[in-house]
Structures are given as structure tokens and as C-alpha cells.
Amino acid sequence: MQTTYKKLQEKFENRTAQIAILGMGYVGLPLAVVFAKAGFEVTGIDPDERKIEALNNRQSYIGDVATEDVALLVNAGKLKATTDFSTIKEMDAVSICVPTPLRKTGDPDLSYILKATASIKEYLHPEMAIVLESTTYPGTTREMLLPELTDGTDLKIGEDLFLAFSPERVDPGREDWTTANMPKVLGGITPACGDICSLWYGQALEQVVRVTSAEVAEMAKLLENTFRMVNIGLVNEMAIMCEKLGVDVWEVIDAAATKPFGFMKFTPGPGLGGHCIPIDPLYLSWKLKALNYNARFIELASEINTNMPRYVVGRTQDALNEKRGKPLSGTKILVLGAAYKPDIDDLRESPALDVIGLLKGKKAVVSYHDPYIPRIDHDDWHLESVPNLIKAVADSDCVVLITNHSSYDYQAIYDVADLIVDTRNAYGFMTGGREKLELL
Ligand code: SAJ
């Protein structure tokens, strides 16, 4: 008699396994398309009816996924979408791609994972493989998902239920490394879990990096993003130290970056934005606190990065005072760029939000421009991107450059500006005539 493992193995090998992706966002939709292109029948499940309607109307709503691909796969019956979680009962395999944000308290918010797990539990049956992709603290898959799924059932993990963790590595807008060709770390709750889930993912992804446990996979992801957060914190502190020493931190970094080995270039900035880097490492430090350990690098880096908006406002205040004899209060400040990094329209955790809030708190008259972000509604203030950039620059007492979008004509801005606080070294290209500049 064929074991459950063997039956599931066969379905993955001949691609007859029915796949569900829970959460059709910037991780889930690309993953659904990759599995569907590999020949599986994939059902995208999401409570957001707009997403489901768009997909069933053969439309993509994620920049990295072509509408043509969605149309082709939906027409071929390889991709469908529903808000109905009961379809899970017909599924052989489920990938969970839901958000893992932080609460206002700074603690992890696992409510999306819990909701997804409860939905799966309701329709769980023997011969199912489940992979969690959402970034979370080490131990989540074994300590939370496993009991949530198996308690009260006679399902045996590694025999008739298979559970693994495989961190997403989606970098929206990146074209060289995509969901299909990105090396994909995957670790199971048991070796059999890791085997069968690696087989499943290996049928669609170019490289599955098998590790020995779900915890190793969970921790690898956190190391990846903590590495960035800590190094960005390091160069931000270097910027503060260089300013006190009267040394150009940008020149220092460029000089250090000539080292052909053993160095990786990071650059200072007005703070740490995005939905990954400022957040993921705090999942790790939160977990270690519960084990009575203080993750000092993460806490220190987070403190330095979180303080950068305040530091930028302080430097702006000093520049206005020392170079133009003006206070912040009542002074017209134009914030240039609001997205959390150049050439995207993502405002999540952007330091621009903090800089604008702090400037308003000091009674500056603040406006902003961002070609990707027409309007900002944040806390108790709302602003619209100024319609005429050059006119707004000319009318301002000071420009604070937060996001160095490549579409800006920096020379034209410089020509009509009175003072520019450049937090990104966007003016690194200017050799002479930089008297209007105040560099981070
Ligand atoms: N930042 C700096 N200095 C740097 C690099 C970044 O201040 O040297 C700032 C950015 O302006 C931004 C924040 O840090 O506000 C995060 O920037 P990021 O370049 O890390 O971009 P993200 O948040 O889009 O990170 C994603 C991550 N991808 C995943 O989590 C799957 C990250 O692991 C990638 O390395 C990164 O994209 C990337 O390389 O683009």
C-alpha cells in the first residue's frame, strides 16, 4: 500500500498536485504564477475581493507580474483566484504568504499567520504539504503552526502532514533576481517534511537551498535582513562621527569601497524605510528577549536608524541658522522625495514621514514633492505633492532631499534653490560650486 508520502510525492512529480497560495500580495502572486507556469493548477486565496476580481478578470496588480502572464494562465485553467477558504479542502499543498508587521508596541503581529493557519486547520486533511513564507521569529513554524494544525487531530507530522518554512526573498522591481531564479532556502519540521516540500518547490523554482530545519530557514532570513539593518546603522553612525570630525563621510565610504575584498558598501541616509529591513530584525530581538537575551546589535542599530530623521532635522536647523540666519519656525521647507527608496512608490516606514512630522512640529512651513507619491495621509497631517517642482524649489528657503529618485534634474533644482540639505549625496556628481549644499 502506497504511503501518504509516496502519493504526495507522485502528485508533485507529475505536477497533478493542487496548489493553494494564501495571500496574493507582492510575494504570493509571483509565487502562484511561477507554480502555474511550471504546470501546476494553482488557486490564489485572499480575503481582498478586489485582488480576486482583478485576477479572474485576467489583470495583474503587482508590478513584477505581467498581466499577459495572468491572462495566459487563467485562460489555460492553471491559475484561479477565490476568497473562499473552503477550497483548501481540495488542495494538496498550501503556501502561506501573509504579512508579518509589527504592532504599535513594536511587538510582532502574528495575527495574519494565525488567521491563515486557522483557515487551513478548518479544511486540513491527510496528505497535505504546507509551507510558511512569511518572515517571522525562529520557532514560529514548530511552536505555533504545528500545534495549531495538528492539535485535536490524529495527523502525524512527517507521515501524513508535511510542514516547512521557506523565507520569501522578493525585492519588488528587481529584474535580475526574481521568484523563479532566486535561491530559495527551505527547512522542514522533520526530514520527510523538508524532502517533500523541497521536491514540490524544486518543480517550479530553479534553486531550492535545503537546510536541516524550519528554524535554520527562519533564522537565515532574519540574518539576511539584520545584516542590512546593522550595516546601515553603522554607516549612519559613521556619518554622525564624520560630521563631528569635519570629514566627508561619502568620500570616506567611496575610499573604503575600493577595497576589493572584505568590505560591502552601504550609504548613510535619513533613516530606514520599507516593510522588511526596519521590521524583520525586531522579530528576532523580541524572541530573544523572551529567552532573557538582549540582541544588542539589533537594538543599537534600530536606535541609530530610528534617530536619523531627528538628526536630519537638527542638521537642517543648524544649516538654516548658520548659513542663512533663519530659524526653522516659519521657514518654507520643501522635502524632496518621500518614498522609502528611489524610483518606487512605496511609502511604508519611509523616513520622509518622520522628517515631515518633525519639521511641522518645529513650526516650519513644509511641502513635499515625489513623482511617485501624489498624496500623503499620515498621523494628523495630509499633504499633496507640489505640482510645479522648480517653482516650489525657488519659493522655498530650504530643500531637504530625502529620496534621490533618478528622474530628478538635480542641476536644475540646484540652480534655483537657496539651500539644499542632501541626505543621499545626490549631488556627489557636482565637483565645484557646492556652496548651497549641506551634506549629511
Ligand atoms: N538604505 C540605506 N543605506 C543603504 C541601503 C539602504 O539607508 O546602504 C535604506 C533605504 O533607503 C531604505 C531602507 O534602508 O529606506 C531599506 O533599503 P533596502 O535597500 O534594504 O531595500 P528593501 O527594504 O526593499 O530591502 C529589500 C530586501 N529584500 C527582501 O527582504 C526580500 C533586502 O533583503 C534586499 O537586500 C533589498 O531589498 C535590496 O537589496 O534591494
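Coordinates for the structure precede this section.
First, a word on scope: everything that follows refers to the structure included in this document. From a predicted model like this one, the values you see are computed outputs, not experimental measurements.

In terms of helices and strands, the chain carries 14 helices and 15 strands. Here the C-alpha atoms of the chain give a radius of gyration of 25 Å, agreeing with the 22 Å that 2.2 N^0.38 yields for 440 residues. Viewed in the frame of its principal axes, the chain has a C-alpha envelope of about 85 × 50 × 45 Å. Considering only residue pairs separated by 6 or more positions, the chain has 69% of its internal contacts joining residues 24 or more positions apart.

Around the ligand there are 18 residues in total, and Asp 171, Arg 228, Thr 267, Gly 273 and Tyr 340 lie nearest to it. The separation between an oxygen atom of the ligand and a polar side-chain atom of Arg 228 is 2.8 Å. Arg 424 has a polar side-chain atom sitting 3.1 Å from an oxygen atom of the ligand. Here the ligand has 730 Å² of accessible area as a free molecule, and 86% of this is covered by the chains. A class-by-class count of the residues in the shell around the ligand yields 7 nonpolar, 3 polar and 8 charged. Summarising the domain contributions, the shell around the ligand has at least three residues from each of domain 1 (4–212) and domain 2 (231–439).

Moving on, we come to a negative patch on the surface. Taken together, the side chains of Glu 349, Asp 354, Asp 379 and Asp 380 make up a negatively charged region of the molecular surface. Looking at the secondary structure, you find Asp 379 in the loop between strand S11 (375–378) and strand S12 (381–384).

A separate point is the pattern of salt bridges. Tallied over the full model, the rule gives 27 salt bridges. The salt bridge involving Asp 176 is made with Arg 174; its shortest N-O contact spans 3.3 Å. Taking the relative accessible area as the measure of exposure, Arg 174 reaches 38% and is therefore partly exposed. The salt bridge involving Asp 397 is made with Lys 326; its shortest N-O contact spans 2.9 Å. Pair noted here: Asp 397 is in the loop between helix H13 (389–395) and strand S13 (398–401) and Lys 326 is in the loop between helix H11 (296–324) and strand S9 (332–336), with a separation of 71 residues, a long-range link.

With that settled, consider the sheet that holds strand S6 (residues 161–165). The strand order across the open sheet built from 8 strands is S3-S2-S1-S4-S5-S6-S7-S8, with neighbouring strands paired in mixed fashion. What marks the edges here is a single partner per strand, and that holds for strand S3 (79–82) and strand S8 (208–211). The mean angle between the axes of side-by-side strands here comes to 25 degrees, regardless of whether they run parallel or antiparallel. Here 4 bridges tie strand S4 (residues 93–96) to strand S5 (residues 128–132), and the two strands are oriented parallel to one another. Bridged to Ser 95 within S5 is Val 131. Each of strand S1 (18–22), strand S2 (41–45), S3 and S4 touches helix H2 (residues 28–37); the most contacted strand, S1, lies at about 170 degrees to it. Its contacts with the sheet put helix H6 (residues 140–150) on S4, S5, S6 and strand S7 (184–188), and the angle it makes with S6 is roughly 155 degrees.

On to the environment of Ala 93, then. Turning to its location among the elements, Ala 93 is positioned in strand S4. Under the relative-accessibility criterion, Ala 93 is labelled buried at 0%. Through-space distance from the C-alpha of Ala 93 to that of Phe 12 is 9.3 Å; in sequence the pair is 81 residues apart. Beyond its immediate stretch of four places on either side in the chain, Ala 93 contacts Phe 12, Gln 18, Ile 19, Ala 20, Ala 129 and Trp 200.

Conventions used here
Residues numbered from 1 in each chain as written. Predicted model: local features only at pLDDT ≥ 70, side-chain atom pairs only at ≥ 80, totals over all residues. Heavy atoms only, no water. Helix = DSSP H or I, 4+ residues; strand = E, 2+ residues; numbered from the N terminus. Rg over C-alpha atoms; globule rule 2.2 N^0.38 Å. Contact = heavy atoms within 4.5 Å. Near = heavy atom within 4 Å. Polar contact = N/O pair within 3.5 Å; in protein donor to acceptor, adjacent residues only side chain to side chain. Areas by Shrake-Rupley, 256 points an atom, 1.4 Å probe, with all protein chains shown as cover. Nonpolar A, V, L, I, M, F, W, Y, C, P; charged D, E, K, R; others polar. Domains from an automatic or database assignment. Patch = residues over 30% accessible without salt bridge, like charges linked within 9 Å, V, L, I, M, F, W, Y side chains within 5 Å. Salt bridge = Lys/Arg side-chain N within 4 Å of Asp/Glu carboxyl O. Lys, Arg positive; Asp, Glu negative; His and termini not counted. Charge placed at Lys NZ, Arg CZ, Asp CG, Glu CD. Buried < 20%, exposed > 50% of the residue type's maximum accessible area, 1.4 Å probe, protein only. Pairing = 2+ DSSP bridges. Axes fitted to C-alpha atoms, helices over the stretch in contact; angles between N-to-C directions.

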